[in-house]
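Analysis of the macromolecular model
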Amino acid sequence: QQKVQQSPESLSVPEGGMASFNCTSSDRNFQYFWWYRQHSGEGPKALMSIFSDGDKKEGRFTAHLNKASLHVSLHIRDSQPSDSALYFCAASPNTGKLTFGDGTVLTVKP
Amino acid sequence: DPKIIQKPKYLVAVTGSEKILICEQYLGHNAMYWYRQSAKKPLEFMFSYSYQKLMDNQTASSRFQPQSSKKNHLDLQITALKPDDSATYFCASSQGTANTGQLYFGEGSKLTVL
C-alpha cells in the first residue's frame, strides 16, 4: 500500500482562484511533511515544510498538518498560470528518507 | 546556474547494455540521493549517501550501483538494462538529512531502453 496518498489526481482552477491539495500518510512513523512542486521538464523543487500541528503560511501558500490523523493539506490562494505544475506531498520518519505521493496535476486557466 | 548537474539529459540504450548517469552537486551538501520517476510510479527513492557512505538502499536489484568518487559526486551505474528501467532518474542533495533539510533536485536524466 502506498504510504503517502494524495488527492485529487488532477485539479483545474481559474486564475486568481484557490487550489487545495490533500495528503494522508498510512505510516505513523512519518513525522516530517513537505510539499514539492515540479514544472514540466524540470526537477522537483521544495515549496514548504510542516512539522508541527496547525497552519503554516508562506506568501500565497498555506499548509496544514493534523498529526493525529496524519493528514496534511496545501492551499494556494490567488493561483497564477505559473503555478500550473505537478504537486507532491512527501513524508519522512526521523531517518531522512523522503517518501513521495503520486502527485496532483494543477492547471490554472487564465 | 544549475547547482546540481546531471549528465546526460537524455539517453537511449538497448536492452542488455550498461549506462552510467553522472551527478555533481555544487551546493556543499553532505548528503546525496537518487530518485526514479516513471509513468508507473511517482518519485521513487533509490539510494541515499552521506559523506560518501551508503545510508539507505531501497533498490532491490543489484543492477543499480551508485558510485561516489568525490564528496560532491554520486554517479549511478545501471547494468543489464531492461525496458522497465526506462524512467527519468533524478539526483538530489541536502544539507543534513532529508526529513528536516530540503532536497535539491537536478533536472534529471531521461533514460529510454529499447
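Quantities reported herein were computed from a predicted structural model and do not represent experimental measurements.

All chains considered together, the criterion is met by 14 aromatic pairs over all chains. Relative to Tyr 36 of chain A, the ring of Trp 34 of chain A lies with its centre 6.0 Å away and its plane at 45°, an arrangement referred to as tilted. The same class applies to Trp 34 of chain A as to Tyr 36 of chain A, namely buried. Put simply, the rings of Tyr 32, Trp 34, Tyr 36, Phe 51, Phe 88 and Phe 100 of chain A together with Tyr 35, Phe 45, Phe 90 and Phe 105 of chain B touch in pairs and so form one group of aromatic residues. Here the basic side chain of Arg 36 of chain B rests over the ring of Phe 64 of chain B, its NZ or CZ set 5.2 Å away from the ring centre.

All right, on to the interface of chain A and chain B then. Contacts between chain A and chain B engage 23 residues on the former and 20 residues on the latter. The contact between chain A and chain B buries some 1,500 Å² in all, and 59% of this surface belongs to carbon and sulfur atoms. For the pair chain A and chain B, the number of links is zero salt bridges. Linking chain A to chain B there are three residue pairs in polar contact (both at pLDDT 80 or more). Every element with two or more residues in the side of chain A that touches chain B is listed here: β4 (32-38) and β9 (85-92) of chain A. At four residues, the largest contribution of residues to the side of chain A that touches chain B is made by β4 of chain A.

What follows covers the state of the cysteines. Under the defined criterion, the tally for this structure stands at two disulfides over all chains. Residue pairing for Cys 23 of chain A: its cysteine sulfur links by disulfide to Cys 89 of chain A, the two sulfurs lying 2.0 Å apart. As the torsion about the S-S bond is roughly -70°, the Cys 23 of chain A-Cys 89 of chain A disulfide counts as left-handed. Here Cys 23 of chain A, found in strand β3 (residues 19-25), pairs with Cys 89 of chain A, found in strand β9; they are 66 residues apart in sequence, far enough to count as distant. Accessibility assignment for this pair places Cys 23 of chain A and Cys 89 of chain A in one class, buried. Two residues, Cys 23 of chain B and Cys 91 of chain B, share a disulfide whose sulfurs are 1.9 Å apart. Residues Cys 23 of chain B and Cys 91 of chain B are joined through a disulfide that is left-handed, its torsion about the S-S bond being -70°.

Here strand β5 (residues 44-50) of chain B pairs with strand β6 (residues 53-57) of chain B via four bridges, running antiparallel. Considered in β6 of chain B, the bridge of Ser 48 of chain B is made with Asp 56 of chain B.

Attention now goes to the nonpolar core. Within the largest apolar cluster, 24 residues are counted, with the highest numbers of intra-cluster contacts made by Phe 21, Phe 33, Trp 35, Val 72 and Leu 106 of chain A. For this core, the elements supplying multiple residues, two or more each, are β2 (10-14), β3, β4, β5 (45-50), β7 (61-66), β8 (71-76), β9 and β11 (104-109) of chain A. Considering each element in turn, this core owes the most residues, four residues, to β9 of chain A. Within the second largest apolar cluster, 20 residues are counted, among which are Leu 21, Met 46, Tyr 49 and Cys 91 of chain B.

Each value, and the rule that gives it
Residues numbered from 1 in each chain as written. Chains lettered and ligands numbered in written order. Predicted model: local features only at pLDDT ≥ 70, side-chain atom pairs only at ≥ 80, totals over all residues. Heavy atoms only, no water. Phe/Tyr/Trp six-rings, centres within 6.5 Å; stacked < 30°, edge-to-face > 60°. Buried < 20%, exposed > 50% of the residue type's maximum accessible area, 1.4 Å probe, protein only. Lys NZ or Arg CZ within 6 Å of the ring centre and 35° of its normal. Contact = heavy atoms within 4.5 Å. Buried area = accessible area lost by both parts, 1.4 Å probe. Salt bridge = Lys/Arg side-chain N within 4 Å of Asp/Glu carboxyl O. Polar contact = N/O pair within 3.5 Å; in protein donor to acceptor, adjacent residues only side chain to side chain. Helix = DSSP H or I, 4+ residues; strand = E, 2+ residues; numbered from the N terminus. Disulfide = S-S within 2.5 Å. Pairing = 2+ DSSP bridges. Core = buried A, V, L, I, M, F, W, Y, C linked by side-chain atoms within 4.5 Å.

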